[in-house]
Each structure stands twice: as C-alpha cells, then as structure tokens.
Amino acid sequence: NALKQAISQKDVKQVQTLLSPRSQASVALIMHHTALSRSAPLPTAADFSRLPDPWSTAAFSFISAALAEQRGEYAVSQRDWKVLVQTLTRYLESSRDKTRENDWMVPLASAAAAQLKHACELADDEAVRTGRAPELLNDGVAALQALFKQLSTSKSSTIRQSESVGVACVIAKAYFKLNTFNNCETLFKVIDDMELTAGASIAHRATLCYYEGRSRAYDEKFVAAEAGLSEAFQLCGAIGHHRNLERVLRYLIPVRLLLGVLPSPQLLRRFRLEGVYGDICRAVREGDLALLAQALARNQILFIRQGTYLILERLQAVVQRTLLRKCFLRHRSEVESPQAAAQVPMKLFEAALVQQGVVEDPLEVQCILVNLISRKLVKAYLAPQKQIIVLKISEPFPPLAQVYGNR
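Residues numbered from 1 in each chain as written. Predicted model: local features only at pLDDT ≥ 70, side-chain atom pairs only at ≥ 80, totals over all residues. Heavy atoms only, no water.

1. Comments concerning the environment of glutamine 161
Part 1 of the argument: In this structure, glutamine 161 sits in helix α8 (residues 158–177).
Part 2 of the argument: With 21 residues separating them in the primary sequence, glutamine 161 and glycine 140 have C-alpha atoms 21 Å apart.
Part 3 of the argument: The residues contacting glutamine 161, other than those within four sequence positions of it, are Leu151, Ser152, Ser154, Lys155, Met194 and Leu196. (Helix = DSSP H or I, 4+ residues; strand = E, 2+ residues; numbered from the N terminus. Contact = heavy atoms within 4.5 Å.)

2. As for the pattern of salt bridges
Part 1 of the argument: Under the counting rule described, the total for this entry stands at 15 salt bridges.
Part 2 of the argument: For the salt bridge of aspartate 80 with arginine 79, the shortest nitrogen-to-oxygen distance reads 3.3 Å.
Part 3 of the argument: With its nearest N and O atoms 2.9 Å apart, the salt bridge here joins lysine 82 to aspartate 139. Remark: aspartate 139 occurs in helix α7 (residues 136–152) and lysine 82 occurs in helix α5 (residues 74–94); sequence separation between them is 57 residues.
Part 4 of the argument: Exposure remark for lysine 82: the relative accessible area of 19% places this residue in the buried category.
Part 5 of the argument: The class of aspartate 139 is partly exposed, set by a relative accessible area of 31%.
Part 6 of the argument: Three or more residues are tied together by salt bridges with common partners; here these are Glu185, Glu212 and Arg216. (Salt bridge = Lys/Arg side-chain N within 4 Å of Asp/Glu carboxyl O. Buried < 20%, exposed > 50% of the residue type's maximum accessible area, 1.4 Å probe, protein only.)

3. Quick look at the layout of surface pockets
Take a probe with the size of a water molecule and roll it over the atoms, and the empty space left behind shows itself.
Part 1 of the argument: Volume-wise, the largest pocket comes out at about 840 Å³.
Part 2 of the argument: Taken together, 32 residues make up the lining of the largest pocket; nearest its centre are Lys173, Thr207, Tyr210, Tyr211 and Arg247.
Part 3 of the argument: Within the residue set of the lining of the largest pocket, elements represented by two or more residues are α6 (106–129), α8, α10 (202–218), α12 (242–258) and α16 (300–306).
Part 4 of the argument: No other element matches the eight residues that α10 contributes to the lining of the largest pocket.
Part 5 of the argument: For the lining of the largest pocket, a count of residues per class yields 15 nonpolar, nine polar and eight charged. (1 Å grid on protein atoms, 1.4 Å probe; cavity = no way out; pocket = protein on both sides within 12 Å on 5 of 7 lines; lining within 4 Å. Points joined across faces, edges and corners; volume = space filled by probe spheres on them. Nonpolar A, V, L, I, M, F, W, Y, C, P; charged D, E, K, R; others polar.)

4. Observations concerning the packing of helix α14 (residues 274–286) against helix α18 (residues 315–332)
Part 1 of the argument: Where α14 contacts α18, the axes come no closer than 7 Å and their chain directions differ by 40°. Judged by the inter-axis angle, α14 sits oblique to α18. Contacts between α14 and α18 pair Ile280, Ala283, Val284, Arg285 and Glu286 from the former with Leu315, Val318, Val319, Thr322 and Lys326 from the latter.
Part 2 of the argument: Residues that form the contact of α14 with α18 fall into these classes: six nonpolar, one polar and three charged. (Axes fitted to C-alpha atoms, helices over the stretch in contact; angles between N-to-C directions. Parallel < 35°, antiparallel > 145°, perpendicular 65-115°, else oblique.)

5. Points about the sheet that holds strand β3 (residues 388–391)
Part 1 of the argument: One open sheet accounts for three strands, arranged β1-β3-β2; its pairing is antiparallel. Each edge of the sheet is formed by a strand with only one pairing partner; in this case those strands are β1 (343–345) and β2 (380–383). Strand after strand, the sheet turns through a mean of 25° between neighbouring axes, direction not considered.
Part 2 of the argument: When β1 meets β3, the two strands line up antiparallel, connected through three bridges. Residue pairing for β3: glutamine 343 is matched across the bridge by valine 390.
Part 3 of the argument: Together, β1 and β3 form the strand contacts of α18, whose direction differs from that of β1 by roughly 110°.
Part 4 of the argument: Running at roughly 45° to β1, helix α20 (residues 346–356) makes contact with β1, β2 and β3 of the sheet. (Pairing = 2+ DSSP bridges.)

6. Observations regarding the pairing of β2
Part 1 of the argument: Here β2 pairs with β3 via four bridges, running antiparallel. Looking at β3, one finds that leucine 382 is bridged to isoleucine 389.

Below, the structure is given as structure tokens:
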C-alpha cells in the first residue's frame, strides 16, 4: 500500500526508499521471511497485481531479488535485478516520445542499474568459489547498455540525459571489473559527442573523469590521462570525498611522475603516501635507478593490485633520462663550446650506471641510449666509433608532457 501510494504521488524518494535492499521496509520483510522459514516460497507476481504497470513486475522482481540474495542465491538475485532494469528500460522507451510525466522514474532506473552490477558481482564471486565461469556481470552489462542508450538518446528530456551519465559510470566500473576497459572508448565518445555531462551531478562527473583518466593511462595517452584524473581530483575535493581523493591519487601520482611532475611532500604527508612514493620521487629527481628498483620491489604487490605497476615501471626510462642529463651537465661544465658539450662520452654514462650497480655490460649502455632516443625522450644520435652520444644543441631533453602528448 505504501508503494502504491508513493507511485500514485510520483514520490521518487519514497519509491526509491521502498525499493532499496537496505530500507527499513525491505529489511523488515526479509527478516520476517527468514523468521518464518528459509525454505518458504518467494512471493509471486500475483501478490503485486494491484500495482499499475510496470510496477507490478518491478516490485515483484525487487522483492524476489532481495530475498534471493538473503538466501545466498546470488544468480537468482542477479536475474531478478536484470528483469527490473529491463522492465524500467522498456517502459521508459515506450513513453520517451509521448510524455515527460514518467521522467520521475529515471533516477529509480539509474539506482537499479547500480544494484544490478552489485548483484552480478556477487553472483560471479559465488561462481568462482564453486569452480564455475564468472559470466553474469558480462550478461548484466547488456541490460545496462540498453538503459544507457535509452536515456542518452532522449533529446527532449534533460533528466534522462543527465542520469545517463550515472548509468555510464556503472558500465565503466563493470568494464574495468571485466578487464575490458577498451570498451570505454565508445562510451566516452558518445558522452562527449552528445555533451551529456552538462547536467550531470558532480559525483557522476568525478567518477566519469576518474575512469576516463585510468582508461587513457592504460592506452598510454598520459597527457589526456593526467587531465581526466586531475579534474576528478578537483571534483572530489569540491564535494569533500577524502577517500575518493586517495583513490584518484593512486593513478594521478604515477601519471604525473611520467610527465615529470613530482607530488609535493605536503600532499604525500596529507594522504600518508610517503612510504609508497617517497623513494620513487627521489629516484626520479636524482636519476637513481637502484633506488627506483628497490622502491618498486618493496611495494610491488600493492602496485599490481592497484593496476599501476606497469605505469610505474615506465619510470625507469624517465630516471635513465635524468641520469643522462646529469652526465650531460657535468660534461658541459668541463668544455667550452656548445658543440663539444653536445658530444657526451658514453663512458661517462656507463660509469654512472656501474656506480649504481645496475649495468655491467657496455653493450647494455648502448641499448639504453638507443631506447631513450627511439622513445623520443632524448633528441640525439649515437656515434659508436667515437663512443659518444651526440645530443641536439637546442632542447636535447624535451618536456615529458610534449613527448607523451605527441603520441
């Protein structure tokens, strides 16, 4: 009766509360059902026949999903959440071009999308524990994509377009969970082309920027990644989400290090990250390859779990470049002409590497230099016969943002 009244009054907050697994009404129903018998049959669709379309199906699917989750039947719960999302999607689609009266239902559909993803993850975790293939999150993504398409293409409704960004955030999270984040590119392109973020909430914009930044980083588009993650950091700061600021920094700091931007000591202290990034920053600043290797090895498991180890491993070339630049500056102080300064003896660079204990073979030194040149981190060429590296006289060490921005 409470649900029927809330629907008739189009009270979105009350309907969303009643159709939330953590609402008092839902918890009371689950506890009552459990007290009766864990083997008691689930409610039937007939129990909700007094509700108007599509709420009879939606409410039945919700109650069935909540009780199934309580029973530990996560695959059943996922199925019912999927039915709920599909039911609301079809109803919104049927009324898209006729009236805006049903737009009040859009936030409910967006909330159901998040619940569907959660149910899919529980079901897949259960599948892994029992030795089965985790396939339900991938199955649920199809329903989420259909909802996103319906909301994003509704040009006459601002709320549908703005809420589509929330659904897109759920889809992006699912893509990363499935390790299919390359699919995010199409998602981000639709959002950009249709300018959907204009009316989106700050929280949804922050989430979108966060996943877009991570996706760009994995695609080695580090300048674009830094822009997205920086915006996410600013948006999270605007709404005071300290924990989310920490999440963003897990990726923003490695990306900025690749671009030659070191975090301030105050930032590292504020978020208690000195032990994680302190030695890495020092290695980048001083060109210390041995220190970098030690810092990466010490926190290797953490970086792998975060998905940043491969990004941080790229810092090896940045640190090698810093060391070469120090050799160049030392050599330049000992000669008079710019032309002579540009001809740096390989032995000088080799001695610095040997001193750090990272190189023993002279041929490896040449390989490092060739790698730096091929990556355009250094503008130079090798003269093996003379055992020198000839640097470009003007700007031999271009800004790292320029190097990675041209890729």
